Every structure is written in C-alpha cells, then in structure tokens.
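Results of the structural survey
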Amino acid sequence: FVAEMINAESHIYSKKRYSARKVKVGLKDKLKIKGRNIVIVDDMISTGRTILETAKDLSKHKPKSISCICVHGIFVGHILKLFKHKKIRVISTNTIPSSRSKIDVSKDVVEVLKSF
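Keep in mind that what you see is a predicted model, and the values were worked out from it rather than measured. (Residues numbered from 1 in each chain as written. Predicted model: local features only at pLDDT ≥ 70, side-chain atom pairs only at ≥ 80, totals over all residues. Heavy atoms only, no water.)

Strand order in this open sheet of 4 strands is β3-β4-β5-β6, and the pairing throughout is parallel. Each edge of the sheet is formed by a strand with only one pairing partner; in this case those strands are β3 (37–45) and β6 (101–103). The average angle at which neighbouring strand axes cross in this sheet is 40 degrees, direction not considered. Relative to strand β5 (residues 88–93), strand β4 (residues 65–73) runs parallel, the two sharing 5 bridges. Each bridged residue has a counterpart across the sheet, and for I69 the counterpart in β5 is I91. (Pairing = 2+ DSSP bridges. Helix = DSSP H or I, 4+ residues; strand = E, 2+ residues; numbered from the N terminus. Axes fitted to C-alpha atoms, helices over the stretch in contact; angles between N-to-C directions.)

What follows is the structure, given as structure tokens:
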C-alpha cells in the first residue's frame, strides 16, 4: 500500500519466526536493486532481527542504501547501534518515543479518538 501511494515498486518478504532473535526471511521474486535506494516498511521493530535478516539478503544485490520505516519502534538492547554499524537508516512514528521517532501521528490519533 505504501509503495502504491508513492508509485514505487514493492516486494513482500516471507518470514518464519523461530524465537525473538531467530528469524528466516525469503523472497520468491528476483530483485533488480543494484545501486537503488531500498526502503523496508515494517509494523514493529523490537529485537530488529527481521530487519537485519532482510537487509542481509538485500545486501547480496548491492543496493545503494537500505532504510527502514516502522510504526512501533521498541528497539530492544543495542539494536539501533547495530543498525548504524550496518548502515541501515531507521525511522519510526512517535507511538513509542525514541531517538528514531520522526513521524508524528498524534494528530491522526486525536482525530480518530474524536470520532468515538
């Protein structure tokens, strides 16, 4: 849906979660991402393992950059430092305040609450 809104190409990774810190991701499509800026959209980042595994897979194709946008940024432990080390830019909404909270959804939430 997000990709459609900005007229961008999108692909959906499958994910199998074995534990909070062990996930396996996969993509059936062949990607043409060499030299392209890639944005991963996720609902929530907690331990960050899904993003790390996805970025690891994407990196095989030599993208120009990898960024991630999420709704809920919990960011357990040192995951933000690890993202920085791996050169993965991360931005989240302010539903859970953090240093990565750059998208303010407060007005939207207030508008919904007013309709109750």
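When you tally the buried positions in β5, you get 5 out of 6 residues, the bulk of the element. Tracing the backbone out of β4, into helix α3 (residues 79–85) and back to the parallel element β5 gives a crossover that is right-handed. Pairing of β5 with β6, which is carried by 2 bridges, proceeds in the parallel orientation. Looking across to β6, one finds that S92 is bridged to S101. (Buried < 20%, exposed > 50% of the residue type's maximum accessible area, 1.4 Å probe, protein only. Right-handed = clockwise from strand over helix to strand, strands pointing away.)

So, about the side chain of T93. Checked against the element boundaries, T93 lands in strand β5. A distance of 2.3 Å separates a polar side-chain atom of T93 from the backbone oxygen of V71. Ignoring any residue separated from it by four or fewer positions in sequence, one finds T93 in contact with C70, V71, H72, S101, I103 and V105. (Polar contact = N/O pair within 3.5 Å; in protein donor to acceptor, adjacent residues only side chain to side chain. Contact = heavy atoms within 4.5 Å.)

This part takes up the environment of L58. Considering the arrangement of structural elements, one finds L58 in helix α2 (residues 49–59). Of the residues examined, L58 reaches a relative accessible area of 4% and is grouped as buried. Sequence-wise, L58 and I38 are 20 residues apart; in three dimensions their C-alpha atoms are separated by 8.5 Å. Beyond its immediate chain neighbours, meaning those up to four positions away, L58 contacts Y13, L31, I33, I38, I40, P63 and I66.

Before going further, it helps to spend a moment on the pattern of salt bridges. Side chains bearing opposite charge may pair, as long as their charged atoms lie close to each other. According to the stated counting rule, one finds 3 salt bridges in the structure shown. Linking D57 and K60 is a salt bridge whose minimum nitrogen-to-oxygen distance equals 3.4 Å. (Salt bridge = Lys/Arg side-chain N within 4 Å of Asp/Glu carboxyl O.)

A cluster of nonpolar side chains, F1, V2, M5, I6, V39, V41, I69 and I103, forms an exposed patch at the surface whose accessible area comes to about 810 Å². Those elements that provide at least two residues to the nonpolar patch are α1 (2–5) and β3. Relative to the helices and strands, V39 resides in strand β3. (Patch = residues over 30% accessible without salt bridge, like charges linked within 9 Å, V, L, I, M, F, W, Y side chains within 5 Å. Areas by Shrake-Rupley, 256 points an atom, 1.4 Å probe, with all protein chains shown as cover.)

Shape descriptors only; they carry no functional weight alone.
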